[in-house]
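Next come the chains, spelled out residue by residue.
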Amino acid sequence: MGGSVRSFNLDPGQRLLDKYLVMDRLGAGWEGEVYRVRELATGIERTAKFFFPQRNPRDRAAIFYARKLHKLRQCPIVIQYYTRERMVLDGVTVSFLVSEFVEGELLSAFIRRQKGGRLSPFPALHLLHALARGIECIHQMGDYHGDLHSDNVIVSRYGLGFELRLLDLFHWGRPRAENIHDDVVNLIHIFHEALGGKAHYARLPPEIKAICCGLKRSLILKKFRTAGQLREYLETMEWGR
């Protein structure tokens, strides 16, 4: 595993530190891989995020990510962080973070499963409201997501409303106004995608189009400067008669 690590290739059933049992791989990204593991002592399933050593010099990335998750622990949309571990794999010291395991499916897959591969306006509004409320909490804590899209959102429950969790909260530095604005614009893009995208936009009600603003960044930010403003708008919006 020397040099640049591209995959850890952990096998189901493999034991880690005599504390965890590998169940399966959940996904991979630029900074590492994510596995579902089971605590041997309790039988509780967790998520373990392994950082590629070349993306984690002096453990800076893992520590930064752990601190960010801890800082945002009061935001229900954020996955709860538990502990940081280090172990040697094929002669290389690797860090991994253990967090709660959230059952559900990616929002992108959830949308594809719906009739016609899209949500109707009212469920889409509930989705947008849940996202805006969650991102508002993150912004109020003095932070931001930075890479919001439908592959970074987990739908863990859906009924009267949505219960969601966010993935990949990994961006350096304190938020600037531009970071906050990016999150808001990305929320509208997710909403537009959930409604079926460009192919169905022309047939959407005017109230929905008034939220999408034609996906024009300047118009979106003129109407919604923050996730909180977007949430308030959704809670008080009126439909034409």
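Draft legend 1. View of the sheet that holds strand 2 (residues 20-28). Ordered in space as 1-2-3-4-6-5, the six strands form an open sheet in which the pairing is antiparallel. The strands lining the two open edges of the sheet, one partner per strand, are strand 1 (15-16) and strand 5 (81-89). Relative to strand 3 (residues 32-39), strand 2 runs antiparallel, the two sharing seven bridges. In the sheet register, Ala-28 faces strand 3, and the bridge partner there is Glu-33.

Draft legend 2. Local environment of the sheet that holds strand 9 (residues 162-166). A sheet is described by the order of its strands in space; here three strands give the open sequence 7-8-9, paired in antiparallel fashion. Since the sheet does not close on itself, it has two edges, and those belong to strand 7 (105-106) and strand 9, each with one partner. Lying on the sheet, helix 3 (residues 121-140) is in contact with strand 8 (153-158) and strand 9; it crosses strand 9 at an angle near 45°.

Draft legend 3. A look at the environment of Val-94. Mapped onto the elements, Val-94 comes out in strand 6 (residues 92-100). Assessed through its relative accessible area of 1%, Val-94 is described here as buried. Taking the C-alpha atoms as reference, Val-94 lies 9.6 Å from Phe-8; in sequence the two are 86 residues apart. Look past the residues within four positions of Val-94 in its chain and what remains in contact with it is Phe-8, Phe-50, Phe-51, Pro-53, Glu-85, Arg-86, Met-87 and Leu-89.

Draft legend 4. Representation of the nonpolar core. In this structure, Ile-138, Leu-164, Leu-187, Phe-191, Ile-211 and Leu-230 are the most contacted members of the largest nonpolar core, which totals 53 residues. The element that contributes the greatest number of residues to this core is helix 3, accounting for 10 residues. Excluding residues within four positions of it along the chain, Ile-138 makes contact with Leu-72, Cys-75, Ile-77, Val-78, Asp-143, Tyr-144, His-145, Leu-166 and Leu-169. Residues Leu-16, Val-37, Phe-52 and Val-98 belong to the second largest nonpolar core, which totals 17 residues.

Draft legend 5. Seen up close, the pairing of strand 3. Most of strand 3 is tucked away: six of the eight residues are buried. The hairpin formed by strand 2 and strand 3 contains three residues between the paired strands. Across seven bridges, strand 3 lies against strand 4 (residues 45-51) in antiparallel orientation. Across the sheet, residue Glu-33 finds its bridge partner in strand 4, namely Phe-50. The hairpin turn running from strand 3 into strand 4, its antiparallel successor, is five residues long, and Gly-43 in that turn takes a positive phi close to 80°.

Draft legend 6. Up close: the pattern of salt bridges. If you walk through the whole model with that rule in mind, you get 20 salt bridges. Residues Glu-45 and Arg-38 are paired through a salt bridge, measuring 3.5 Å at the closest nitrogen-oxygen approach. A network of salt bridges, in which partner residues are shared, links Asp-24, Arg-36, Arg-38 and Glu-45.

About the cut-offs
- Residues numbered from 1 in each chain as written.
- Predicted model: local features only at pLDDT ≥ 70, side-chain atom pairs only at ≥ 80, totals over all residues.
- Heavy atoms only, no water.
- Pairing = 2+ DSSP bridges.
- Helix = DSSP H or I, 4+ residues; strand = E, 2+ residues; numbered from the N terminus.
- Contact = heavy atoms within 4.5 Å.
- Axes fitted to C-alpha atoms, helices over the stretch in contact; angles between N-to-C directions.
- Buried < 20%, exposed > 50% of the residue type's maximum accessible area, 1.4 Å probe, protein only.
- Core = buried A, V, L, I, M, F, W, Y, C linked by side-chain atoms within 4.5 Å.
- Salt bridge = Lys/Arg side-chain N within 4 Å of Asp/Glu carboxyl O.

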